[in-house]
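Each chain, letter by letter, is given below.
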Amino acid sequence: MREALERVQAEVFSFADIPSIVNFLSSLPSPYLIAEELKSILPWTHTLRPPALHPQEARTGLSLARLGVKTTGTLLVPGTDTASLLPETSVILLPKERIVDALDDLVLYVAQHAREHLVAISGPSRTADIEKTLVLGAHGPERLIVLLLDQYP
Amino acid sequence: MNKTRHALERALCDPDLAGKVDRATGITLRKRETLIRDSYPDWESLRESASEIRSRSVALLPDLVRIFTASVEAGGGNITIVEDYDELCRVVEEILRPYRDRPIVKGKSMLTEETGLRDFLGMRGYEVVETDLGEFIIQLLDQSPSHITAPAIHLSRHDISRIFRERLGGPDTTDPQILTRFARTVLRKKFLKAQAGITGANFLVAESGTVVLLENEANIRLSSTLPDVVISIAGVEKLIERTTNLSPLLKLLPASATAQIQNCYTSFLPPDPRRHIVLLAGKRMSLREDPVGSEILKCIRCGACLNTCPVFRLVGGHGYGTVYSGPMGAILTPLLSPEHRSLPYMSSLCGACTDICPVHIPLHRLLLELRSRSRKDFLSSSLFTLFRAGANPRAYGMGTSIFRKLPNTIRRRLLGPWTRKRGTFPVSPESFREKWRRRKRERNHA
Amino acid sequence: MKRIALFIPCLIDLSMPDTGLHMADLLEHAGFTVVCPENQTCCGQPAFNTGFREEGLPYARHFLEIFEREAVDAIVSPSGSCTAMVKIHYGELSLTQCERESWNRLRDHIYEFCEFFSEFAPLEQFTFQGAEKILFHDPCHLLRELGVEEAPRRLLARVAGIDLFPSPPARCCGFGGTFSVKYPDLSVKMTDTRLDELLQNRDVDTLLTADPSCLIQIRGRARERGLSIQCEHIIDFLHRCWVHE
């Protein structure tokens, strides 16, 4: 998983469980934008200060992946998740039990959740529109950090 | 025909164009080769699956339109089926009317290029902002895209730097990273102000009413999630039966288009009251009844045939003077607009396109088939007679003999276009037949 | 495999007859009996590729008739495009049932020269000696329609003393039949691009190819540009390097 994520220019860190990520997160630039579903599961997110008053002010976003594809480094998150879209740094939590083998498994999941708005993310945003030179950070995040969690929540 | 000839001449006269396009397409081709070698030992079987899926979709198209419509409506979404470009523009404008006072953010869509939607809305006072970086750049230049997935492939970093400086007060640099960051700042403001968004569609899933969108920049995510209303515009050829059909397609498309294992963002948009789908049927639907049309409808718009075409690599999309260029463009365009009947002749029929097509469209054979439909319009009747006569051995013998014995000056004039840059057309004083007969005689006497 | 009929493209007849003779020489030394139906015409490609599909029919009929009559084991041509025309595209014409059966009988026995020679000729009976730096340009029809890529290289591997550069990825020389006169500037630009690609960072003496159409296009343009490289058909090259005992 790590290899595939790094191949799409994501930065990967492993953590045993949720409490251990707090310090790491606090080292990233504030203000923070936390995905809605995480706020209830991780009540301590209020310790990440200051929170973004408006989503567009946030510099770091925290999101939770539904699944991660081992071969491609792709993460599936809710489509409405602005935390993985607006800030320059996007952090996505990926519990190890949510890792699947192939893109076909992701497609199957999407088929089974056909009523949900979902988005598959493979790396930080990028463009090669200028002379085919790869530039990381187009309109979305410039940095994608993936935290692999042994245990969740 | 004049428009394409004119476009071609302009492209051939541009001393830098070939270099830029050839270099950019070459980069993608090489990366694609490496990607397939390293990650897709099953590439051929993926192509087979995808080809079958697309053929089936085209065959079932009327049913898929029905099923898709039902799925969208059952999910609380909105869908309008339109028959032509005029209707498409009118329907879109009507949906956008309440949002006229704010910028409208737009993702890349070749169909909207076809329909001239942006100009239509522009003339009616709407500010439509192209948000794909390449499209944003050419919008500033008031140009059309020169490639279906890499619209600014014909521009250098110097061109882009200059246009940012002149039109937007951009930074004095040719560093792509700084230029991109500048564009990000400009466009982020538009994304935050916009209340309406327009997207195209890569695929439409009939069974669920889902719009599937592939991108790298995040501009489509921003255009389809922030605004209050989002319109997705697509032709019926984007329809596929089921979500699981996406398995081979989501691998083949990014690999073929941008040589990526996966593009950055693939959005799956289910039916929603805030979203509208405008689906173009009309002429595209009727292409199904044509053996050439039903093949080209399979196209997934990856642009690989453009990248590998030796003609495209030298003249870019602008060299064709049409919305869709390269091999797929030279087939689709004449089918939709008969005035472009000559396009299939602008090819050496080398077959590289057929080799590379991820869904096994026999592109160069389709070009040949289209030629046979319009041949009478493009060749003089004298050539026509020549072709007929050549099959007769005596006529052939006589004809070639006369040609060989013509004085050089006359031959040079007859084949002027050849002679100009390739020297005199080579002709042997003695034909093969004559030499063979002589050889047999010499052997018999020996 | 004993009796071979020569299938002589119109370009060979018109512009490069010696190539046809050289092909016959090589085949004879390889032990085959070589015949040549003398009232062959063009295979019909120029008409067919310009879209005059039905006008290509008389060419096909004539071909089938005269070559069936020869009753040979194989038909060999120094051109991949002509071979592909007969082997593949004749099937797209509206042949009669009888003609189609004839075509079906013949098509498995039609070969382009390199393909045939590398598979059926006893190459150990030949000594080839050269001294040049060589680069091979793959003709599009040979490569993509007939799927022949290794055969010319296998033959060149038998030539002692030469340096064979690996070829850059295949790209069309720009001939394309009537395309070369309908779109002359575009056609020539394609040739220039290919020539530059072939010669970039390589000190090539001789450029070889296996189709007379590619040859006249590339050679014609190279000469106009005053390039010092030689351009030759692989058959002529092998004939030239052939050491007769």
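Calculation criteria
Along each chain, residue indices are assigned from 1 in the same order as the chain's sequence is written. As they are written, the chains are lettered A onward and the ligands numbered 1 onward, keeping that order. Two thresholds apply to this predicted model, a pLDDT of at least 70 for residue-level local features and 80 or more for giving and counting side-chain atom pairs, whereas whole-chain, interface and lining totals are computed over all residues. When DSSP finds at least two bridges between two strands, those strands are taken to pair. The numbering of helices and of strands both runs from the N terminus, where a helix is a DSSP run of H or I of at least 4 residues and a strand a run of E of at least 2. Axis definition: a line fit to C-alpha positions, over the contact stretch in the case of helices; interaxial angles, taken between N-to-C directions, run 0 to 180 degrees. Placing C-beta atoms from the backbone, we regard two residues as in contact once those atoms come within 7 Å. Residues with at least 20 other C-beta atoms within 10 Å of their own are called buried, those with 12 or fewer are called exposed, and the rest are partly exposed. The C-beta atoms themselves are positioned from the backbone. Gly falls in the polar group here, along with every residue not listed as nonpolar (Ala, Val, Leu, Ile, Met, Phe, Trp, Tyr, Cys, Pro) or charged (Asp, Glu, Lys, Arg). Only buried residues count toward a nonpolar core: Ala, Val, Leu, Ile, Met, Phe, Trp, Tyr and Cys, linked into one set through C-beta atoms within 7 Å. Left-handed describes a crossing whose near helix is turned anticlockwise from the far helix through less than a right angle; right-handed describes the clockwise counterpart.

1. Some thoughts on the sheet that holds strand E2 (residues 33-35) of chain C
Residues and elements named next belong to chain C.
Okay, step 1: Taken together, 4 strands build an open sheet; the order of strands is E2-E1-E3-E4 and the sheet is parallel. Each of the sheet's edge strands pairs with one partner strand only, and the pair in question is E2 and strand E4 (110-112). Geometrically, the sheet is characterised by an average inter-axis angle of 30 degrees between neighbouring strands, direction not taken into account.
Okay, step 2: Pairing geometry for strand E3 (residues 74-77) and E4, over 3 bridges, is parallel.

2. Comments concerning the sheet that holds strand E3 (residues 128-130) of chain B
Residue and element names in this part refer to chain B.
Okay, step 1: Strands sit in the order E1-E10-E7-E4-E2-E3 across an open sheet of 6 strands; the sheet is parallel. Each end of this open sheet is capped by a strand with a single partner; those strands are strand E1 (78-82) and E3. Between one strand axis and the next, the sheet turns through 20 degrees on average, direction left out of account.
Okay, step 2: As paired strands, strand E2 (residues 104-106) and strand E4 (residues 196-199) are joined by 3 bridges and run parallel to one another. Looking across to E4, one finds that Lys106 is bridged to Ile198.
Okay, step 3: In the packing of helix H5 (residues 85-96) onto the sheet, contacts are made with E1, E2, E4, strand E7 (229-235) and strand E10 (275-280), and the angle to E10 comes to roughly 170 degrees.

3. Quick notes on helix H5 (residues 80-87) of chain C
Okay, step 1: Where burial is concerned, most of H5 of chain C is hidden: 8 out of the 8 residues are buried.
Okay, step 2: For H5 of chain C, the full list of buried residues reads Gly80, Ser81, Cys82, Thr83, Ala84, Met85, Val86 and Lys87 of chain C.

4. Brief notes about the arrangement of the chains
Okay, step 1: In this assembly, 2 pairs of chains are in contact, and the pair with the greatest number of contacts comprises chains B and C.
Okay, step 2: A minimum C-alpha distance of 20 Å separates chain A and chain C, which share no contact.

5. Things to note about the interface of chain B and chain A
Okay, step 1: Listed as interface residues are 44 residues of chain B and, on the opposing side, 34 residues of chain A.
Okay, step 2: The set of elements that each furnish at least two residues to the side of chain B that touches chain A consists of helix H2 (17-39), helix H8 (133-140), helix H9 (157-168), helix H10 (176-193), helix H11 (219-225), helix H12 (246-258) and strand E9 (265-269) of chain B.
Okay, step 3: Broken down by element, the residue count for the side of chain B that touches chain A peaks at 7 residues, all from H10 of chain B.
Okay, step 4: Looking at the side of chain B that touches chain A residue by residue, the classes come out as 20 nonpolar, 19 polar and 5 charged.
Okay, step 5: Note that strand E8 (residues 118-121) of chain A and E9 of chain B share 4 bridges and pair antiparallel. Following the sheet pairing, Val119 of chain A is matched in E9 of chain B by Ser267 of chain B.

6. A word on the interface of chain C and chain B
Okay, step 1: The partner chain B presents 46 residues to the 53 residues of chain C that form the contact.
Okay, step 2: For the side of chain C that touches chain B, the secondary-structure elements that each account for two or more residues are helix H1 (10-14), helix H2 (17-29), helix H3 (45-49), helix H4 (57-70), helix H8 (140-145), helix H10 (179-182), helix H11 (184-199) and helix H12 (212-224) of chain C.
Okay, step 3: With 7 residues, the top contributor of residues to the side of chain C that touches chain B is H11 of chain C.
Okay, step 4: Class assignment for the residues of the side of chain C that touches chain B results in 25 nonpolar, 15 polar and 13 charged.

7. Observations concerning the nonpolar core
Residues and elements named next belong to chain B.
Okay, step 1: Core analysis: the biggest nonpolar cluster contains 242 residues, and Ile296 and Ile331 have the highest contact counts within it.
Okay, step 2: With 7 residues, H12 is the largest single contributor of residues to this core.
Okay, step 3: Residues within four places of Ile296 in sequence aside, it is in contact with Met328, Ile331, Leu332, Leu335, Ile361 and Leu366.

8. Remarks on the pairing of strand E6 (residues 210-215) of chain B
Residues and elements named next belong to chain B.
Okay, step 1: Most of E6 sits out of view: 6 of its 6 residues are buried.
Okay, step 2: With 3 bridges joining them, strand E5 (residues 203-205) and E6 adopt antiparallel strand pairing. Across the sheet, the residue bridging to Phe203 is Val212, located in E6.
Okay, step 3: Counting the residues in the hairpin turn of E5 and E6 gives 4 residues, including Gly209, whose phi is positive at 75 degrees.
Okay, step 4: Where E6 lies against E9, 5 bridges are found, and the strand directions are antiparallel. Residue Glu215 lies in a different strand from E9, and its bridge partner there is Tyr265.

9. Topic: the packing of H9 of chain B against H10 of chain B
Residue and element names in this part refer to chain B.
Okay, step 1: Two elements in contact, H9 and H10, have axes whose closest approach is 11 Å; the angle formed by their N-to-C orientations is 35 degrees. Remark: the crossing between H9 and H10 carries left-handed chirality. Residues Arg157, Ile160, Ser161, Phe164 and Leu168 of H9 touch H10, and the partners they reach there are Pro176, Leu179, Phe182 and Val186.
Okay, step 2: Its residues placed into classes, the contact of H9 with H10 shows 7 nonpolar, 1 polar and 1 charged.

10. Some thoughts on unusual backbone geometry
Okay, step 1: Going from Ser30 of chain A to Pro31 of chain A, the amide bond is cis rather than trans, its omega being 0 degrees.
Okay, step 2: Among the structural elements, Pro31 of chain A can be located in the loop between helix H2 (22-26) and strand E2 (32-34).
Okay, step 3: Of note, the amide linkage connecting Arg49 of chain A to Pro50 of chain A takes the cis form, showing an omega dihedral of -10 degrees.
Okay, step 4: Mapped onto the elements, Pro50 of chain A comes out in the loop between helix H3 (36-41) and strand E3 (60-64).
Okay, step 5: A positive phi angle is found at Glu131 of chain A, which is not glycine, with a value near 55 degrees.
Okay, step 6: The exposure class of Glu131 of chain A is partly exposed, given the 19 C-beta atoms found within 10 Å.
Okay, step 7: In this structure, Ala218 of chain B is a non-glycine residue whose phi angle is positive, near 90 degrees.
Okay, step 8: Mapping Ala218 of chain B onto the fold places it in the loop between E6 and H11.

The values reported here are purely geometric and, on their own, carry no functional implication.
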